[in-house]
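One-letter residues, chain by chain:
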Amino acid sequence: MHAYKHTCMHTCMPVTDLHISGPTRVLENDDQPFPWEMATAVSEKVFEDGTHEFLVEVGGTGLLGFCQASFVDQRSNIGKHWMNEDNVDRTWVLHSAGYFANGNVRSENERSARFTAGDRIIIQLNLFKETAEYYRDSGASTGGGKPRFMGMVRGICIPVRLGFQMYRADDTIKILNYQDLTETLPLSERAEGYLTRGELLFKRAQDIAPTSQHAAADRARIFGDTMRCLDQAARACSSLQDSTNTNICMQRWEAAKKLKIEAEALKF
């Protein structure tokens, strides 16, 4: 059973750094072989680790969730339908018809997960656990009921942007509120979260064979993300006086730095 947990913050800032990438034309996908106009909105901000909460108001139907951060640099990807086999482990979304998807791998339809224009949805992104939980905002702040759990996606393993791929070019999305909840976690949870994510990113970077300039750049970038996570983990472990894990973080950080430099030096 998933109960909505709200953490009060001193600063609850609205996110205004969304831009519309479109309207873009989708030329082909499995469900609809004919082109149609649509728009894609993605956040300027990239989410790399930690825990975050968004309150959004959707102005239409489509795919609401997260896409690989580098999509904005790859125009064909940002405009392509996010639910396709090439996007497994690259897009994680809730479809307005009521199902969740990782690329084209989708869950069963759930009536409680459907949404339409005017709905307000809370999304809790936890990159330490690699999950995003969705809740329907029932207007608790104005006397309504508590937010209701809609479902979740798992396996968000890379830096992402919040996004909404809309099935009509004139649809909209509003980010009404955003909170970075990372600092509200107990120090021990932050230490464990950063270390676990750093180790995962290290392995992911190692698995990228630097056979081209693009692949080498990806390898270097992810090693950079690894170093940032391990630095945060080392600081948290040090504060906990956990010398064993502090040393593990520092050793892994040095290894990631060396491999990052090697990847950046490759020429093709």
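What comes next concerns the included structure. Just so we're clear, the structure is a prediction, and the values are computed from it rather than from any experiment.

Calculation rules
Residues numbered from 1 in each chain as written. Predicted model: local features only at pLDDT ≥ 70, side-chain atom pairs only at ≥ 80, totals over all residues. Heavy atoms only, no water. Phe/Tyr/Trp six-rings, centres within 6.5 Å; stacked < 30°, edge-to-face > 60°. Helix = DSSP H or I, 4+ residues; strand = E, 2+ residues; numbered from the N terminus. Buried < 20%, exposed > 50% of the residue type's maximum accessible area, 1.4 Å probe, protein only. Pairing = 2+ DSSP bridges. Axes fitted to C-alpha atoms, helices over the stretch in contact; angles between N-to-C directions. Expected span 1.5 Å × (residues − 1). Contact = heavy atoms within 4.5 Å. Salt bridge = Lys/Arg side-chain N within 4 Å of Asp/Glu carboxyl O.

Our focus in this paragraph is the packing of aromatic side chains. All told, the structure shown has nine aromatic pairs when counted by the stated rule. Centroid distance phenylalanine 202 to phenylalanine 223: 5.5 Å. Interplanar angle 70°. Geometry classified as edge-to-face. In this pair, phenylalanine 202 is assigned in helix H2 (residues 187–206) and phenylalanine 223 in helix H3 (residues 213–239), connecting sequence segments 21 residues apart. Overall, phenylalanine 202 belongs to the buried group, its relative accessible area being 5%.

Where burial is concerned, most of strand S5 (residues 91–95) is hidden: five out of the five residues are buried. Here S5 shows two buried faces, one formed by Thr91, Val93 and His95 and the other by Trp92 and Leu94. Across five bridges, the pairing between strand S4 (residues 62–68) and S5 is antiparallel. By the bridge assignment for S5, phenylalanine 66 is matched with tryptophan 92. Relative to strand S6 (residues 99–102), S5 runs antiparallel, the two being bridged by four bridges.

What follows concerns the sheet that holds strand S12 (residues 173–180). Across the sheet, which stays open at both edges, the five strands sit in the order S10-S9-S8-S3-S12 with antiparallel pairing between neighbours. Only two strands of the sheet have a single neighbouring strand rather than two, namely strand S10 (148–154) and S12. The average angle at which neighbouring strand axes cross in this sheet is 20°, direction not considered. Sheet topology note: the strand S9 (residues 131–136)/S10 ladder contains six bridges and is antiparallel.

A few words now on helix H4 (residues 243–265). With 23 residues, H4 should cover 33 Å at 1.5 Å per step; its first-to-last C-alpha distance of 33 Å lies within 8% of that length. Within H4, burial applies to Thr246, Cys249, Ala256, Leu259 and Ala263. Buried residues in H4 make contact with H2 and H3.

A word on the pattern of salt bridges. Scanning the model with the defined rule gives 13 salt bridges in all. Between aspartate 207 and lysine 203 there is a salt bridge, with the nearest N and O atoms lying 3.2 Å from each other. Both residues of the pair, aspartate 207 and lysine 203, belong to the exposed class. We note a salt bridge from arginine 228 to aspartate 225, for which the minimum N-O separation is 3.6 Å. In this pair, arginine 228 and aspartate 225 are both assigned in helix H3, three residues apart and thus about one turn of the helix distant. The class for arginine 228 is partly exposed, based on a relative accessible area of 26%. Taking the relative accessible area as the measure of exposure, aspartate 225 reaches 8% and is therefore buried. Linked by salt bridges that have partners in common, Glu48, Asp49, Asp218, Arg221, Asp225 and Arg228 make up one network.

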